[in-house]
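# Inside the fold
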Amino acid sequence: MPISTNFTSIHQQDWNITFLQCYPNGFLKYTDLCNILQLTAATHAELGGISFSDMQEFNQAWVLSRMRVEINRLPKWRDAITVTTWINSLENSRSIRCLEMYIGDEKIIGCETFWAVFNTKTRRPENLALAHEHFQKFPERATSEPFSKIDFQHDRNTVASRRVQLSDLDIVNHVNSVKYLEWCLDLIDYEIIQSQKIVNFEMNYLKELSLNDEVDISEKNTETGLIFGIHSNEKTNFALQINLK
């Protein structure tokens, strides 16, 4: 698609929180928070001519490699929110995109995402085939801390196992990035979620999963929170670090 006449290098998008997106306490689910952030990023990419549809002409897609989310407070049912996003860097096959969520003038959430260009036929990374010079790159960051190194090689304490189902897959034909988070959060103490004790979390996507893959989920308690790992065939596919109040 051509670059939209509405394209700007900093994109803002308004959302209204529905009851379908909320936990029993009325606050936005962490999974739906990530969906809103990624959908905003996708809209910006579409306006700028580097969307999934544009990239599929070259058998390419953006895939999420890392994501860090810092939470001051969660929005709740009926809240009107605004998400602002911009590209921090985009070179060859890699890009860092920043996102911030606001209620009015109050920043409530900061997020940084690291993306890779992925060939959907060879299933390998490669340089972006589309022009992106019209996207101005901004040095400002959206989080107070950069991506950290998650210790996903910890001694495994397997807490669950599962098989990848059709409902776990997305348009790239692998497990959707938010599904990994959902699997792990379903294993957390209910009170942690209800009391909104999560102050930040970081995800590292290492190896894709496909339909019918068998995985084990491991958990480790740390001084500041929890670390989860998702493993298949003795390899780590995903790591999640959660820091608590």
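See above for the structure.
Here goes a summary of the coordinates provided. What you see is a predicted model; the values in this text were computed from it and never measured. Counting restarts for each chain, with residues numbered from 1 along the sequence as it is written. Local features in a predicted model are, by the rule used here, given only for residues with pLDDT of at least 70; side-chain atom pairs are given and counted only at 80 or more, and totals for whole chains, interfaces and linings are based on all residues. Note that water and hydrogens are dropped before the side-chain values are worked out from all heavy atoms of the structure.

### Quick word on the pattern of salt bridges
Salt-bridge detection follows one rule: a side-chain nitrogen of Lys or Arg within 4 Å of a carboxyl oxygen of Asp or Glu. Scanning the model with the defined rule gives 12 salt bridges in all. Among the ionic pairs, K76 bridges to D79, the shortest N-O distance being 3.7 Å. K76 gets classed as partly exposed once you look at its relative accessible area, which sits at 37%. The buried label goes to any residue with under 20% of its type's maximum accessible area, the exposed label to any with over 50%, and the partly exposed label to all in between, with areas taken from a 1.4 Å probe on protein chains only. Overall, D79 belongs to the buried group, its relative accessible area being 14%. For E182, the salt bridge goes to K179, with nearest N and O atoms at 3.1 Å. Within this pair, E182 and its partner K179 are both found in helix α3 (residues 177-185), separated by 3 residues, close to a single helical turn. According to the relative accessible area criterion, E182 is partly exposed, its value standing at 29%. Counting from the N terminus, the helices are DSSP H or I runs at least four residues long and the strands are E runs at least two residues long.

### Focus: the environment of T143
Relative to the assigned elements, T143 resides in the loop between β6 (124-125) and β7 (158-163). Judged by relative accessible area, T143 falls into the buried class, the value being 11%. Along the sequence, T143 and A80 sit 63 residues apart, while their C-alpha atoms lie 22 Å from each other. Here, two residues are considered to be in contact whenever any of their heavy atoms come within 4.5 Å of each other. Setting aside chain neighbours within four positions, we find T143 in contact with R68, E70, G110, C111 and E112. A distance of 2.8 Å separates the side chain of T143 from the backbone oxygen of E145, its partner in a polar contact. The term polar contact refers here to a pair of N or O atoms within 3.5 Å; inside protein, the definition further demands a hydrogen-donor-capable atom paired with an acceptor-capable atom, and it admits residues adjacent in sequence only when both atoms are side-chain atoms.

### So, unusual backbone geometry
Of note in the backbone geometry, N59 takes a positive phi value of approximately 55° without being a glycine. Position of N59 among the secondary structure elements: in the loop between α2 (52-56) and β2 (60-71). The backbone phi angle of N233 is positive, close to 55°, even though this residue is not glycine. Locating N233 in the fold gives a position in the loop between β10 (225-232) and β11 (235-244). For N233, a relative accessible area of 71% gives the class exposed.

### Some words on the pairing of β10
The buried fraction of β10 amounts to 8 of the 8 residues, a majority that puts the element mostly inside the structure. Between any two strands, at least two bridges found by DSSP are needed for them to pair. Direction of pairing for strand β9 (residues 214-221) relative to β10: antiparallel, over a ladder of 6 bridges. Along β10, the bridge assignment pairs E219 with F228. Following β9, the chain reverses through 3 residues before pairing antiparallel with β10. Where β10 meets β11, 8 bridges bridge the pair, whose relative direction is antiparallel. Within β11, the residue paired with I230 across the bridge is F238.

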